[in-house]
Each structure stands twice: as C-alpha cells, then as structure tokens.
Amino acid sequence: MRAIRTLTAIAVALALCGRLPGEDRESAEPTPHVGEAALDPERIKAAVTKSIALLEHSGAEYRRHRECFSCHNQALPVTALAEARRRGFTIDEDNFRAQLDHTSAHLERGREAYLKGIGQGGKADTAGYALWTLEEGGRGPDENTAAVTSFLLDWQKDNGHWKATSQRPPSEASAFTTTYLAIRALGVFGTDEQGERIAERRSAVVEWLKTAEPKDTEDRVFRLRLLGYLGADESEVQAATRELLEFQQDDGGWSQTAELSSDAYATATVLVALNEYGGVEASDPAWRRGIAFVLNTQQDDGSWHVASRSKPFQTYFETGFPHGKDQFISAAASSWATLGLLYALEAVK
C-alpha cells in the first residue's frame, strides 16, 4: 500500500530548507560520490539483478539447513522479490514458491501452539513476519493463518501494543516494529469473527502511539509505518516524516543509532518508509541522496554488509550469503536496499 499525500510532500520540501541538529542544511554540500550522476537507471537495474540472484541463492541454502522460518531469509527477501517481479524483473518462480511453502509449513507445525496462545519462537515478531511473507506471496487465509491471528489478538492484549520478546536489534527489538507486524497481519488475515477484537486492538495502538517515544531509527521507521497504515491524522504523519529526514547524515545515509555510522539497513528502511507512507517521492533530493548512498555501498557480490548487533543463540551455519556472522542482518539489509532501488526506478526511468 502506497500512501501518497500532497500535503506531506509540501511539508517535507519545506523541512529540507530548515536546519538539522548541529548543522546548517543549506550549507551542507553533498560529497561527490552521492551526486545525481550516481542514479543511472541501468546501474540501478544491474544492482537489483545482482541482489536478486544472491537473495535467491541464500534463501535456498537456508532451507537446506533449517526448517524454521526467518525474517532475514524468508520474509524480507520474499518482499523484495515480489516487488521486483511486479516491476518486470525475472525471478526464480520455483524458489519463490518454495519460500512460501517453507513459511506455511512452519506455521502448520505451530498451529496447535498458536491456538493455545503459546505461539512459536519469536512470538509476535515471527507471527507477523510470517504472515507478511504470505501476503507478499499472494497466499490467502487458511486455518493456519486464522490460528496465528487468534494468537496475536490475545498476546500482550493488556499492553495496548505488542512488544518484542527477544533483543536482536534492529529488526527484533522494537515495540514499534512488532506492533506494525501484528497490526498488518490482523488487517490482512484476520477473520470476520475476529473483526470486533481487531478493531479494539487497533484503537489501543492508536492511543499508545500518542505517547510512545521512538529512541532510534528502527523505532522512527516503524512509527511512521504504523501511523500511515492506521490512517493517522496528516499532521502526525508529516511530523514523523520530518523527524526521519532530520536524521539524514552528511553521506546521504542513516545510522541505526546516534553512536553508529550510516549503513544500508537503516538507510533503506528509512527510504522505503518515506516513500510508502511519508509521501516523499523518489524524485525528492534528500531521498535521491539516500539512494545514492545505497548504490555506492553495494559490494561486488551484490550484497550490502551490515555489522550484527545481536548475540547469536543458534549454532552457526552458512546460508550462502556473505559476511560470516553478519550474514543474517546483511541479508535483511540487502532486501530492504533492493526495495529502495526498485522504488528509485520510478524517478530515473
């Protein structure tokens, strides 16, 4: 769902003429490597094609080693591959179906646990990412998805929102991310019988958002996604959009936290959220600087390397994705980066 808002775009354009924390926006000149020349459509297409091949290969390898579903090798790659297919890129259809089947099989194994209110490892994060995967793959509701939505409706229902049960930043540590995943899953796969309870949880999330304070880029990204998905007031969406833009770095990218440097994960998640929900067009100067950062940080093998901030809890294995212990977050980053580049083609084709 693309939220295009004229008023938001105007507000964002005005915001770009203001000051960022600690600098004069008008005096900040982009460095040569993030210039407009970097946004050549053929270069973007080549970058996407290389990334697709790597995501498909590592997804197939992951399935050879693990039965469990993952956000980094199923959900986010499937989202990127589905968007690539919609935009005319060739993908491996057999691999795509296998990823969806892998996800469905994982939920099938956990159906009784969902019906009992226990869920699977990762709880709402796993449930939400899995249903997002099936949504992107065009799979419809069934008895497994109904069990998952039943679990989501009861899980942490006294909180007013959903919280991550693990600390695996950035993608499994934010209440904003977990809540977005749950709300989206309920919106797509919730049953008619669950309608009243879904409405109650949506209302609770709206109230929670009025006072919830984001602390890092992941929070800000998924706060904007939540506001857009829930149809919040235009002023709230504009404010969340401006806040994200204010944290753009001199190199054109975004960092996960104030203590870290810009990376592809943070940058691409911001770009996709701004474009989908913030009304920021792919032709916007700040957005194009971000895409240039993404393009210029892709490695020759088609990946983007992002250092892991999570403590490993599984036995190490190779998925075919490069970067060793950083392979999972790098695969997630590469999926988001691919999505951002696909959106960029609108402005340069």
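Participant: Explain the packing of aromatic side chains here, please?
Facilitator: For any two aromatic rings, the description comes down to two numbers: the centre-to-centre distance and the angle of the planes. All chains considered together, the criterion is met by 12 aromatic pairs. Ring geometry for Tyr180 versus Tyr277: centroids 6.4 Å apart, planes at 85°, classification edge-to-face. Residue Tyr180 is found in helix 8 (residues 175-189), and its partner Tyr277 is found in helix 12 (residues 264-277); the two are separated by 97 residues along the sequence. When its relative accessible area of 0% is taken as the criterion, Tyr180 is described as buried. Over the aromatic face of Trp162 sits the side chain of Arg201, whose NZ or CZ is 3.8 Å from the ring centroid.

Participant: Even after reading the chapter, I still don't get the packing of helix 9 (residues 195-209) against helix 10 (residues 217-229), so can you show me in this structure?
Facilitator: Between two packed helices, what matters for the description is the angle formed by their axes and the separation of those axes. Interaxial distance between helix 9 and helix 10 falls to 11 Å at its minimum, and their mutual angle equals 130°. Taken together, the axes of helix 9 and helix 10 lie oblique to each other. Crossing hand, helix 9 versus helix 10: left-handed. Facing Arg202, Val205, Trp208 and Leu209 of helix 9, the residues of helix 10 in contact are Arg223, Leu226, Leu227 and Tyr229. Taken together, the residues of the contact of helix 9 with helix 10 break down into six nonpolar, no polar and two charged.

Participant: What's the story with the environment of Gln256 in this structure? I'm lost.
Facilitator: Note on placement: Gln256 falls in the loop between strand 1 (254-255) and strand 2 (262-263). As for Gln256 and Ala266, which are separated by 10 residues in sequence, their C-alpha atoms are 5.3 Å apart. Leaving out residues up to four positions away in the same chain, Gln256 has contacts with Pro170, Asp216, Thr217, Asp263, Ala266, Val306 and Arg309. Polar side-chain contacts of Gln256 include one of 2.8 Å to the side chain of Asp263. Within polar-contact distance, the side chain of Gln256 engages the side chain of Arg309 at 2.6 Å.

Calculation criteria
Residues numbered from 1 in each chain as written. Predicted model: local features only at pLDDT ≥ 70, side-chain atom pairs only at ≥ 80, totals over all residues. Heavy atoms only, no water. Phe/Tyr/Trp six-rings, centres within 6.5 Å; stacked < 30°, edge-to-face > 60°. Helix = DSSP H or I, 4+ residues; strand = E, 2+ residues; numbered from the N terminus. Buried < 20%, exposed > 50% of the residue type's maximum accessible area, 1.4 Å probe, protein only. Lys NZ or Arg CZ within 6 Å of the ring centre and 35° of its normal. Axes fitted to C-alpha atoms, helices over the stretch in contact; angles between N-to-C directions. Parallel < 35°, antiparallel > 145°, perpendicular 65-115°, else oblique. Left-handed = near helix turned anticlockwise from the far one by under 90°. Contact = heavy atoms within 4.5 Å. Nonpolar A, V, L, I, M, F, W, Y, C, P; charged D, E, K, R; others polar. Polar contact = N/O pair within 3.5 Å; in protein donor to acceptor, adjacent residues only side chain to side chain.

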